[in-house]
Amino acid sequence: MPICEDARLKIKRANEHIYDIEARIVALHSTDTSRVEIYPQFGTESLIHEFTDTTVFEELALMVGDAIHNLNCALDYTWFQTLERMLPALLGDRTKLPVRETIEELEGWLKSSGKDRPAIHDLCPELSRFLLYQVRPYCRGNHAIWPIHVLDSTDKHRLLIPVLSSGDI
């Protein structure tokens, strides 16, 4: 199997989820109703917009969570295969891309050794520098990796309920 083929498959599946999300949002157009309520006692009017499709937000939440999870898995698969080629002794059943809050936390993790793990920085300083300064898996680092990490962690505990504004549909 070619390098990162597993990650490519996860990205392909995430794209299918994203396509399904877009199609589901477009389908909302046929399920919406609007009416104007007039309140003469207050001299005001309200535009009420309702969706008769009562399952859409739950379905969208599940699709969004699945797409994010697949993207996060693609990152983990890529990291696993990188270690598999460069530092196979570090592989374990919990190996995943190290994403940290700050660059300092990531650097500390790369320079520290764990119970079952020697320090990556000592074994392969080039990989350590590449992760720190090119991949940048930390807040305010890579603007794609960090949100995927945070949203995937959040989705493990609660649904990511989408919020649509009038300009979204």
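Presented here is an overview of the structure given in this document. (Residues numbered from 1 in each chain as written. Predicted model: local features only at pLDDT ≥ 70, side-chain atom pairs only at ≥ 80, totals over all residues. Heavy atoms only, no water.)

Let us look at the overall build of the chain. Within the chain one finds 6 helices and 2 strands. Shown N-terminal to C-terminal, the secondary structure of the chain runs as helices and strands in the order α-β-β-α-α-α-α-α. The C-alpha radius of gyration computed for the chain amounts to 22 Å, which surpasses the reference 15 Å derived for 169 residues by more than 25%, pointing to a less compact arrangement than a globule. Its C-alpha atoms give the chain principal-axis dimensions of about 75 × 40 × 25 Å. Across the 169 residues in the chain, those meeting the buried criterion constitute 31%. Sequence separation of at least 24 residues holds for 60% of the intrachain contacts in the chain that already meet a minimum separation of 6. For the chain, the computed accessible surface area is about 11000 Å², with 56% contributed by carbon and sulfur atoms. When the 18 positive and 26 negative side-chain charges of the chain are each reduced to one mean point, those points stand 8 Å apart. (Helix = DSSP H or I, 4+ residues; strand = E, 2+ residues; numbered from the N terminus. Rg over C-alpha atoms; globule rule 2.2 N^0.38 Å. Buried < 20%, exposed > 50% of the residue type's maximum accessible area, 1.4 Å probe, protein only. Contact = heavy atoms within 4.5 Å. Areas by Shrake-Rupley, 256 points an atom, 1.4 Å probe, with all protein chains shown as cover. Lys, Arg positive; Asp, Glu negative; His and termini not counted. Charge placed at Lys NZ, Arg CZ, Asp CG, Glu CD.)

We now examine the side chain of D152. Looking at the element boundaries, D152 is found in helix 6 (residues 145-155). Here D152 sits buried without a salt bridge, and the closest side chain of opposite charge, K156, lies 4.2 Å off (N-O distance). Look past the residues within four positions of D152 in its chain and what remains in contact with it is I68, H69 and N72. (Salt bridge = Lys/Arg side-chain N within 4 Å of Asp/Glu carboxyl O.)

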